[in-house]
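Observations on the model geometry
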Amino acid sequence: MESSSHTGADAAVQALEDLKTDIEGAVLDTVDAIDEYRIRYLSRKQGRITALMKRIPDVAPEDRRAFGQAINSAKDTVERRLEEATAALTTAASATSAPADVTLPGREQPQGSLHPITQAARLITRVFENYGFDVAEGPEIEDDWHNFTALNFPPDHPARDMQDTFFIEDAEQEHGGILLRTHTSPVQIRVMEDIMKDGEPPIRVIVPGRVYRNEAISYKSYCLFHQVEGLYVDEGVTMADLKQILHAFARTLFGEDVRMRFRPSFFPFTEPSAEVDIWWKDENLPGGGRWMEILGCGMVDPNVLEGVGIDSEKYTGYAFGMGIERIAMLRYGIDDIRILYENDVRFLEQFS
Amino acid sequence: MIISTNWLDDYIAHGLSADELADRLTMCGLEVESVDRIGTDLEGVVIGHVLSAEQHPNADRLSVCKVDTGMNTPLDIVCGAPNVAAGQKVAVATVGTTLHLPSRDNPEQRVPVTMKKAKIRGEVSEGMICAEDELGLGDDHDGILVLDTDAAIGTAFSDYLSAKGIRTMDHAIDISITPNRPDAISHLGIARDVSALTGKEICRPAVALTEAGGSVTSKMSVTIEAEDLCRRFVGIMVEGVEIKESPTWMKQRLLAIGLRPRNVIVDITNYVMYECGQPLHAYDADTLNGHCIVVAKAKVGSTFTTLDSKERTLPEDALMIRDGEREIGIAGIMGGENTEVTDNTTNVFIEAAWFDPSSIRRTAKALALQTDASYRFERGVDAEGQAWAAKRAADLMVELAGGTLVDGMIDVHPVPYEAPVVPLRAQRVLDIMGADIAPSEMVRLLEAIGFGVTEKQADPLVWDVTVPSFRPDVGREIDLIEEVARLFGYDNIPEPTHSRIPNFTPGMAVDRQLRERLRDVLSGIGFRETYTNSMLPIETAERFNDPALPGGRFGGDVVETMNPITTEMAALRPSLLPGLLKVAGHNHNHGQQAIRLFEFGRVHTKRNTNRTLVGDYTETETLMLLTSGYWQGQYWEGEPREADLFDLKGVVDRVFRATGLEVPRYKEREASNLASWGVDILLGKRWIGSLIRISDAVAGDFTLRHDGLAAEIDFTALAEAAAGAIRPRYQAISRFPVVERDIAVIVPASQPAGPMIEAIERTGGDLLKQVTVFDLYEGDHVGKDHKSLAFGLRLGADRTLRDKEVDKVMTRILKTLEKEFDAKLRG
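It should be emphasised that the depicted structure is a prediction, and the values quoted were computed from it without experimental measurement.

Moving on to the overall build of chain A. Summing up its helical and strand segments, chain A has twelve helices and ten strands in all. Its C-alpha radius of gyration of 39 Å places chain A more than 25% over the 20 Å reference for a compact globule of 352 residues. Across its three principal directions, the C-alpha atoms of chain A cover 115 × 55 × 40 Å. Here chain A holds 352 residues, and the buried ones make up 55% of them. Summarising the internal contacts of chain A: among those between residues at least 6 apart in sequence, 65% fall at separations of at least 24. For chain A, the accessible area works out to roughly 16200 Å², and carbon and sulfur atoms hold 49% of it.

Rendered as structure tokens:
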């Protein structure tokens, strides 16, 4: 119907006129105000300009062009104002005025931490990785062969008493007994067995891992701890090489001027064997300090090499092993090993 | 083993102080644990003459004495000893003297006390008349020590003692003997190394060895039935001994090394053992039935009462000493009560034998009985040392116990000792040590500790080295090299200035790379790493051996140790969860409200699987994440918020992304005793772990004060899955803009979002780059039992997408949602 159509068109033009004041004058000084303004005019469902555009077909054909232009001009105005208001608001927030109280605490980020045993283990492995050592791991539940026999611990020998063992199955078993490994040295055997399947030395590897000892728990011993084992088998390896690498290690961990000494000791799987002490300065002690044992080492016993099929005339090797907890305790000044396994947050957060 | 420096001085004039000696021993492989000074030089103790001893006016048990110590006026001394009397010569500790007196609380301990002038119950006392124990000469405190009548008044008491061969000051050096040094478990053994280190000669006590045979063989016979376990048995008899206390010098030495003196006969057997390393046993010869001794294996299951009055059940194969009728000793471990030396003994039969080390060790282990004798036998005593030791003891019994030696000696020697001869190449010593040692020095060092060295070949130089009978540990060339090296001194081996590194490529295992990366990621987002005990009570282990967790999923039994320290640590953990719960409870109880923990560790189960390396056990590594309490703490902007499922899911997603993998799928799983609810974490179809809310019962048992949420991930499986993804692969970045579209639908409230996301991803195909859920609404606007989910989609391609294309995809997605999930577009 013509009349209604005209009425519609007039109404539309009038509606556009009515909006102008608000479009140009609305106060846009907050995010909410800007959002409302956008929705009021441009939203697909509720926007007034959107609604007016839908009414273009109602306008008489001869007026449509002018009406369309008027709507577009209004829309442009809305968009320009939105842009300007948003920009103004951002600038105001970022530069012109500071938050009311800058001394309020910042929003806290949760604090994580790495356990000191991890930190010490990383330090130790990094030194040896820098010297071209591979890293291997092995099982904590071991058989007697790898933990003792292949490492040249004879059956019924007092050397077995050097490491108090947790047994899982009796030695009478077919595979000669199953136990919790007392050191990481069985992994030496596993690595050598593996390489000798289709290869030859050089073998140059360190082995970090958890080991178990059936000892009374006290400030200085726990029923388990972590070790890093090292092994290098090659032609022409000597005790002098062993001293060199371990001295380099001690310098990295305890400083360039570290004093260390090698004293003869005994391990069934190395010969000659040594224990290494470093001089620990302590002004409260007579003599200004004391020697602290940090690791055991030696030249791989020929029986061990021959046992895994390595020609002990052609190849020699050294091996060493140290307790990670001991190194961590020395470095961080921890005097009771048990606190490492208690995991009190007040302890852990000191290593963040 | 403890040695006394005074005792050692008998055998070698080394000229070293106790501390120097300790240092030299440590550096040659005899590690000194401690050096303790014993006694004092007794400076200030002088010889006094008791002029009078009167009853103290105010105390019944005290006497008031006048004692002449060579000064102008006699000293007044109040004395509590019952035996003090006028006319005695006594040792007087004058004012200012410091004595090491037995502590009142613990008589085993000594504390320094300095004499002062004092009034005791009203009477002046200017010093102390000393008892034996107060002077460190024994443990007698029954009365004062009364000296010889001709002792010179006013002279130093130490002079009086040294005239009797007694020294009041000694050092006890505690040496930790490694199992390869049976030769060093005696004073003469230590002296041998000291001799090699200092070049000073050893002086052994003179002993005139007896020939086998003689009268003794008519009084006693010895038969060895187990010849493989007893290679030699030497017996000597001493008659008419008087059982009494040992002389002071011997008691002092035994006390210094930690032995309690008993009687002269027993003390002599101990003394000689600590002198030369050969254990001895003294029988009361009159208690031996049938005048015979037999060395034989025990009958299975029989019992025997040892001289400590304990009845012991003998293990299979235990080697026993018998007389004509019965068992009289466990060979090499402990003698029997039935034949021990008592106060009534007059005739003594001394046994010195060589027993098989393995046999002694097995029996001692089975009996849980380690003695000084078994300690030495199981390491291996000198194969040739028996005759010397037996005769040395007999000589001392004659000298100190008034006995008469029965002439001759029983010597049953079924397996004579043959000294091994080991070739040693001079060049090999250098090859192992990497130090330059002259061949002559190698020979000198070996000969100094009793090895015989003869040249076998000149070029290249090889020796034949004869191993002495006291070094059963040496049998190979490398053993000889070790002897040379330790005496040369490891500190004298020069260090090369450069490191030899072989042309060899170290690898970097995926699991290790990943573990270290995740440690950094997790600690970086606020998680604290823990290390917890692998051992726990069996019941706890069984409770957590749950199929919801990676360890329990293998379906095996809990692994138990046969010899736990306590029942608290009798099993190995099947999961890291109990350890972390304990840590969470501990920290809640110490005021920590926000707990976020992680741990990498091995879990154990008894079951043979494709991961089994040893026995029938499966050991696998898991990564545990645990949060309990506030995720966001108290803050001025708002209230604290407790951690919930979506916090921890976000962390698990982060873990997967850090490995290079896609985020996993989550699928609800059944509740259990452990979990009030939980979800499985899946990578494709592979189960990688689970995320659970700890049940209230478990949380309560671990004293958690907030809800506990935990995820345990099978790290071994994760590392395997990530092996191909850990190294990022660059993909060209699209230079064309992405199109963002939203779609909001209404679905039944019970419809989970996950399958809808998967359906959108599937339907969206290559163009769909990302789907997020940006709104979830339940309420009036969507009707009862319904909810609205709004998804944000990013679409893109290697070209500019046309609106039509995008519309088509969006329509398809909507249709899929409508069809599969009964979804309605939210208008």
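Right, let's get into the side chain of Glu482 of chain B. Position of Glu482 of chain B among the secondary structure elements: in helix H13 (residues 477-488). It is Arg471 of chain B that comes nearest to the buried, bridge-free Glu482 of chain B among opposite-charge side chains, at 6.0 Å. With near-sequence residues (within four places) excluded, Glu482 of chain B lies in contact with Ser265, Glu271, Pro272 and Ser273 of chain A together with Asn180 and Tyr490 of chain B.

Detail in the predicted coordinates should be disregarded across regions flagged by low pLDDT. Taken over all residues, the pLDDT of chain A has a mean of 88, while the share at 70 or more is 94%. Here residues 1-5 of chain A is modelled with pLDDT under 50, and outside its nearest four sequence neighbours on either side it reaches one contact, counting other chains as well.

Another aspect to go through is the interface of chain B and chain A. Size of an interface: often given as the accessible area lost when the parts come together. Across the boundary between the two partners, chain B contributes 92 residues, which contact 99 residues of chain A. For the pairing of chain B and chain A, the buried interface totals around 8200 Å² over both sides, and the portion due to carbon and sulfur atoms is 53%. Ranking the residues of chain B by area buried against chain A places Tyr490, Arg528 and Tyr531 of chain B at the top, with a combined share of 10%. Here chain B and chain A share eleven salt bridges between them.

Now for the domain arrangement of chain B. When its domains are assigned, chain B resolves into domain 1 (2-39 + 170-198), domain 2 (45-162), domain 3 (216-412), domain 4 (421-492), domain 5 (510-722) and domain 6 (739-825). One C-alpha centre belongs to domain 4 of chain B, the other to domain 5 of chain B, and the line joining them spans 56 Å.

So, about the domain arrangement of chain A. Each domain of chain A was delimited in the assignment, giving domain 1 (2-96) and domain 2 (116-351). Spacing between the C-alpha centres of domain 1 of chain A and domain 2 of chain A amounts to 79 Å.

Moving on to the environment of Glu20 of chain B. Note on placement: Glu20 of chain B falls in helix H2 (residues 18-27). For Glu20 of chain B, a relative accessible area of 43% gives the class partly exposed.

Attention shifts here to the side chain of Arg204 of chain A. All names here are of chain A. One can find Arg204 in strand S5 (residues 203-212). For the buried Arg204, no salt bridge exists, and the shortest N-O distance to an oppositely charged side chain is 6.7 Å, to Asp234. Within the structure, Arg204 has its side chain in polar contact with the backbone oxygen of Tyr131 (distance 2.7 Å).

Calculation notes
Residues numbered from 1 in each chain as written. Chains lettered and ligands numbered in written order. Predicted model: local features only at pLDDT ≥ 70, side-chain atom pairs only at ≥ 80, totals over all residues. Heavy atoms only, no water. Helix = DSSP H or I, 4+ residues; strand = E, 2+ residues; numbered from the N terminus. Rg over C-alpha atoms; globule rule 2.2 N^0.38 Å. Buried < 20%, exposed > 50% of the residue type's maximum accessible area, 1.4 Å probe, protein only. Contact = heavy atoms within 4.5 Å. Areas by Shrake-Rupley, 256 points an atom, 1.4 Å probe, with all protein chains shown as cover. Lys, Arg positive; Asp, Glu negative; His and termini not counted. Salt bridge = Lys/Arg side-chain N within 4 Å of Asp/Glu carboxyl O. pLDDT = per-residue confidence, 0-100. Buried area = accessible area lost by both parts, 1.4 Å probe. Domains from an automatic or database assignment. Polar contact = N/O pair within 3.5 Å; in protein donor to acceptor, adjacent residues only side chain to side chain.

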